[in-house]
Amino acid sequence: MKAISVIGSGTMGNGIAHVFAQHGYKVSLVDISAGQLEKALSTISKNMDRQVIKGAISEEDKNQALNRISTFTTLKEGVESADLVVEAATENMALKLDIFRQLDQFAPAPAILASNTSSISITKIAAVTKRPTQVIGMHFMNPVPVMKLVEVIRGYATSDEVTEIIMDLSRNLSKDPVEVNDYPGFVANRILMPMINEAIYTLYEGVAGVSEIDTVMKLGMAHPMGPLQLADFIGLDVCLSILRVLHDGFGNPKYAPCPLLVNMVEAGYKGVKTGEGFYRYTPGSKDLVVASRFSK
């Protein structure tokens, strides 16, 4: 397996492209926006500069990796020579199904089709293709160049052979793959999102403030980041989407999103990406400032 196509050049897509290129794979990075692709290449270059400064890679390694990345604004051109396609588009069911219908049409017949989805059913995605045995979940963690875990999700029809190929490939990327079965939220988000949701309920019900909740979890549970700050980092809209997948998939009220989370997303306060969520984010500043609406 040599040629990798990555669909979507946002935070996850450019991180996935970065890791594959750094480990010697030829990468086709695909996005409908040429401007977004330029931004992605700039981000990858800056992130590799940090690795050079830390001594993790050499300047020559960086240049060679960047030269392995080609960009495309059309799906057909971007996947026509792929051995593996990794879809990293927005966490939206209709969008992902549409992409996989096109991938099935344009990617070579032997190609494996993977999704970086954090919660959407791989079985459902695979069902819109004519190659369900070759469809699998490859859920990287953010930030991709740093985090070691890859959640490898087997759809109902995913073959043993394809699963083993993706497990081995993940190890070749210096990642630690964990194989899981295809149920709502998989493992990572089935456990993480109820915790985040409960933290939001704790704020909503007035038990404690934003910084107090996060401090308890950081100091008491040894979490590197509190659940409310983590929700901001993930994106409150993404958290809401995943909770709805869990709620719909299991039909269990314990997964119902907190009304405060719903209101914040509907009002456009989605965390780091919009500059404000539970905290307020100022470009160039690393200070953690609680959003004014939650300040005492």
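Residues numbered from 1 in each chain as written. Predicted model: local features only at pLDDT ≥ 70, side-chain atom pairs only at ≥ 80, totals over all residues. Heavy atoms only, no water.

A. Summary view of the overall build of the chain. Helix and strand counts for the chain come out as twelve helices and ten strands. Here the chain has a C-alpha radius of gyration of 19 Å; the compact-globule value for 296 residues is 19 Å, and the two agree. Taking all 296 residues of the chain together, 47% fall into the buried category. As displayed, the chain offers around 14,200 Å² of accessible surface, 53% of which is attributable to carbon and sulfur atoms. Placing the 28 positive and 31 negative side-chain charges of the chain at their respective mean positions leaves the two points 2 Å apart. (Helix = DSSP H or I, 4+ residues; strand = E, 2+ residues; numbered from the N terminus. Rg over C-alpha atoms; globule rule 2.2 N^0.38 Å. Buried < 20%, exposed > 50% of the residue type's maximum accessible area, 1.4 Å probe, protein only. Areas by Shrake-Rupley, 256 points an atom, 1.4 Å probe, with all protein chains shown as cover. Lys, Arg positive; Asp, Glu negative; His and termini not counted. Charge placed at Lys NZ, Arg CZ, Asp CG, Glu CD.)

B. Looking closely at the packing of aromatic side chains. In the structure shown here, the tally under the stated rule is five aromatic pairs. Arranged with centres 5.5 Å apart and planes meeting at 85°, the rings of F20 and Y25 form a pair that is edge-to-face. Classification of Y25 by relative accessible area gives buried; the value is 10%. Ring-pair connections join several aromatic residues into one group, and the members of that group are F20, Y25 and F140. Above the ring of Y269, the side-chain terminus of R293 is found at 4.0 Å from the ring centroid. (Phe/Tyr/Trp six-rings, centres within 6.5 Å; stacked < 30°, edge-to-face > 60°. Lys NZ or Arg CZ within 6 Å of the ring centre and 35° of its normal.)

C. Structural context of the sheet that holds strand β5 (residues 112-115). As summarised here, the arrangement of the eight strands in space is β3-β2-β1-β4-β5-β6-β7-β8, forming an open sheet in which the pairing is mixed. The outermost strands of the open sheet, each flanked by one partner alone, are β3 (69-72) and β8 (176-181). The average undirected angle you get between the axes of adjacent strands in this sheet is 25°. Both β5 and strand β6 (residues 135-140) contribute to a ladder of three bridges, which runs parallel. The residue of β6 that forms the bridge with L113 is V135. (Pairing = 2+ DSSP bridges. Axes fitted to C-alpha atoms, helices over the stretch in contact; angles between N-to-C directions.)

D. How the structure looks around the UniProt feature "domain: 3-hydroxyacyl-CoA dehydrogenase NAD binding" (unreviewed entry) in the chain. With numbering aligned to this structure, UniProt lists the feature "domain: 3-hydroxyacyl-CoA dehydrogenase NAD binding" (unreviewed entry) at residues 4-182. Helix makes up 44% of residues 4-182 and strand 22%, with an end-to-end C-alpha separation of 24 Å. (UniProt positions renumbered as here; feature names shortened; annotations may be inferred.)

E. Broad picture of the packing of helix α8 (residues 188-204) against helix α11 (residues 236-250). Contact pair α8 / α11: the axes reach a minimum separation of 10 Å and the direction vectors enclose 115°. With respect to each other, α8 and α11 are oriented roughly perpendicular. For the element pair α8 and α11, the recorded crossing hand is left-handed. Between α8 and α11, the residues in contact are N189, R190, M193, P194, I196 and N197 and C239, I242, L243, L246 and F250, respectively. (Parallel < 35°, antiparallel > 145°, perpendicular 65-115°, else oblique. Left-handed = near helix turned anticlockwise from the far one by under 90°. Contact = heavy atoms within 4.5 Å.)

F. Structural view of the nonpolar core. Membership of the largest hydrophobic core comes to 34 residues, with the highest contact counts inside it found for I16, F20, L84, V86, M138, F140 and I166. If one sorts the elements of this core by residue count, helix α1 (residues 11-22) sits on top with six residues. Discounting chain neighbours no more than four positions away, the residues touching I166 are L84, I112, I136, M138 and V152. One finds L236, C239, F278 and A291 within the second-largest nonpolar core, a separate group that totals 27 residues. (Core = buried A, V, L, I, M, F, W, Y, C linked by side-chain atoms within 4.5 Å.)

G. Layout of the UniProt feature "domain: 3-hydroxyacyl-CoA dehydrogenase C-terminal" (unreviewed entry) in the chain. Here the UniProt-annotated "domain: 3-hydroxyacyl-CoA dehydrogenase C-terminal" (unreviewed entry) positions come out as residues 185-281. End C-alpha to end C-alpha, residues 185-281 measures 28 Å, and it is 62% helix and 2% strand.

H. Looking closely at the environment of I242. Here I242 lies in helix α11. Separated by 124 residues in sequence, I242 and S118 have C-alpha atoms that sit 7.5 Å apart. Residue contacts for I242: discarding those within four places in its chain leaves S118, S119, N189 and M193.

I. Spotlight on unusual backbone geometry. Omega for the peptide link from N142 to P143 comes to 0°, which places this bond in the cis form. Assignment of secondary structure puts P143 in the loop between β6 and β7 (149-154). A positive phi is found at S174, a non-glycine position, where the angle reads about 65°. If you trace the backbone, S174 turns up in the loop between α7 (160-172) and β8. One non-glycine residue, A222, lies in positive phi territory at about 60°. Tracing the backbone shows A222 in the loop between α9 (210-221) and α10 (227-234). Assessed through its relative accessible area of 65%, A222 is described here as exposed.

J. Local environment of α1. For α1, spanning twelve residues, the distance from its first C-alpha to its last is 17 Å, which sits close to the expected 16 Å at 1.5 Å a residue. When you tally the buried positions in α1, you get ten out of twelve residues, the bulk of the element. Residues of α1 that are buried include every one of M12, G13, N14, G15, I16, A17, H18, V19, F20 and A21, and no others. Of the residues trailing α1, G24 is marked for its positive phi of about 95°. (Expected span 1.5 Å × (residues − 1).)

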